[in-house]
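# Survey of secondary and tertiary structure
The chain contents come next:
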Amino acid sequence: MDDKQSQEEYFVVKAKENGVQVIGLTRGQDTKFHHTEKLDKGEIMIAQFTAHTSAVKIRGKAVVMTKHGVMDTEE
Ligand code: TRP
């Protein structure tokens, strides 16, 4: 997959409790947090990997959907 394609990919996070954090990490040499989005129970975030974001860390109880499947952070 080339870089362009990897940047078009979407993922979905559905919070199962209040205060779930979706943390974006920077693309490139440095891997740093650049954005933290807080979701409350039942809230959904639909986001892409972009030129600025190559990795995402999720804290808290949530369902995460990617092209690799559906994952629950609790299991
Ligand atoms: N400005 C960020 C970007 O374009 C917004 C963003 C995209 C983001 N995907 C994300 C922030 C995932 C947190 C998590 O890269």
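Provided above is the structure to which this section pertains.
What comes next concerns the included structure. Please read all numbers here as calculations on a predicted model, not as lab measurements.

### A short note on the sheet that holds strand E6 (residues 62-66)
Across the sheet, four strands lie side by side as E4-E1-E6-E7; this open sheet has antiparallel pairing. Each edge of the open sheet carries a strand with a single partner, namely strand E4 (44-48) and strand E7 (69-72). Mean inter-strand twist for the sheet, computed between neighbouring axes without regard to direction, equals 15 degrees. Note that E6 and E7 share four bridges and pair antiparallel. Residue pairing in the sheet places Met65 in a bridge with Val70 of E7.

### Some remarks on the pairing of strand E2 (residues 20-26)
In the sheet, E2 pairs with strand E3 (residues 33-39) via six bridges, with the strands oriented antiparallel. Counterpart to Gln21 in the pairing with E3 is Lys38. Sheet analysis places E2 next to strand E5 (residues 53-59), joined by six bridges and oriented antiparallel. Within E5, the position partnered with Thr26 by the bridge is Thr53.

Calculation rules
- Residues numbered from 1 in each chain as written.
- Predicted model: local features only at pLDDT ≥ 70, side-chain atom pairs only at ≥ 80, totals over all residues.
- Pairing = 2+ DSSP bridges.
- Helix = DSSP H or I, 4+ residues; strand = E, 2+ residues; numbered from the N terminus.
- Axes fitted to C-alpha atoms, helices over the stretch in contact; angles between N-to-C directions.

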